[in-house]
Amino acid sequence: VRSRGLGDVYKRQEQRLRKLIKEYNDKERAKINALVKVYSTMKPKDAARIFNTLDIDVTVSLLKEMKPSTSSAILSQMKAEKAKEITDKIIGNNF
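Nothing here was measured: the structure is a model prediction, and the numbers come from that model. Within any chain, residue numbers begin from 1 and follow the written order of that chain's sequence. With the structure being a predicted model, the display of local features is reserved for residues of pLDDT at least 70 and the display and counting of side-chain atom pairs for 80 or more, all residues being used for whole-chain, interface and lining totals. To obtain the side-chain values, all non-hydrogen atoms of the structure were used and water was disregarded.

Structural notes on the nonpolar core
Nonpolar side chains tend to gather and get buried jointly when the protein is soluble and globular.
At step 1: Throughout, nonpolar core names a set of buried Ala, Val, Leu, Ile, Met, Phe, Trp, Tyr and Cys residues whose side chains join them through atoms within 4.5 Å. A simple rule labels every residue: compare its accessible area, found with a 1.4 Å probe on the protein chains alone, to the largest value its type can have, and call it buried under 20%, exposed over 50%, or partly exposed in between. Of all hydrophobic cores here, the largest spans 14 residues; its most connected members are Tyr39, Phe51, Leu63, Met66, Ile74, Met78 and Ile86.
At step 2: Helix and strand labels come from DSSP, where a helix needs a run of H or I of at least four residues and a strand needs a run of E of at least two; each type is numbered from the N terminus. For this core, the elements supplying multiple residues, two or more each, are α1 (2–41), α2 (44–51), α3 (56–65) and α5 (80–91).
At step 3: Sorting elements by how many residues they give to this core places α3 first, with four residues.
At step 4: Contact partners of Met78, with chain neighbours within four places excluded, come to Ala48, Phe51, Asn52, Thr59, Ala83 and Ile86. Contacts were defined at the residue level, with two residues in contact if any of their heavy atoms lie within 4.5 Å.

Spelled out as structure tokens, the structure:
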């Protein structure tokens, strides 16, 4: 009887944890979407200047959510080494 009670406790805790993870992911997605809107409205040259200084994972997350025409305009204005690193990361090369 006791083990069944623990199973129910674990199940409830797992459901609670899944809910919290979903809420966290939704908040993170909202932050990224807000930043995508900000950078998408900037001149590509200005966005590229900032993207050159951002963490690679942040930059990739933002660019992947943009329209291809917007992300390509920004990438074309970035430093070549950083643009290559971003491209490699997006397609899965880890050189």
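Side note on the pattern of salt bridges
At step 1: Take a side-chain nitrogen of Lys or Arg and a carboxyl oxygen of Asp or Glu: if they are within 4 Å of each other, that pair is a salt bridge. Summed over the entire model, instances satisfying the criterion amount to seven salt bridges.
At step 2: A salt bridge links Asp57 to Lys89, with the shortest nitrogen-to-oxygen separation between them at 2.8 Å. Of the two residues, Asp57 is situated in helix α3 and Lys89 in helix α5; the sequence distance between them amounts to 32 residues.
At step 3: The exposure class assigned to Asp57 is partly exposed, which follows from its relative accessible area of 40%.
At step 4: The partly exposed category is assigned to Lys89, whose relative accessible area is 37%.
At step 5: As a salt-bridge pair, Lys84 and Asp88 come within 2.5 Å of each other at their nearest N and O atoms.

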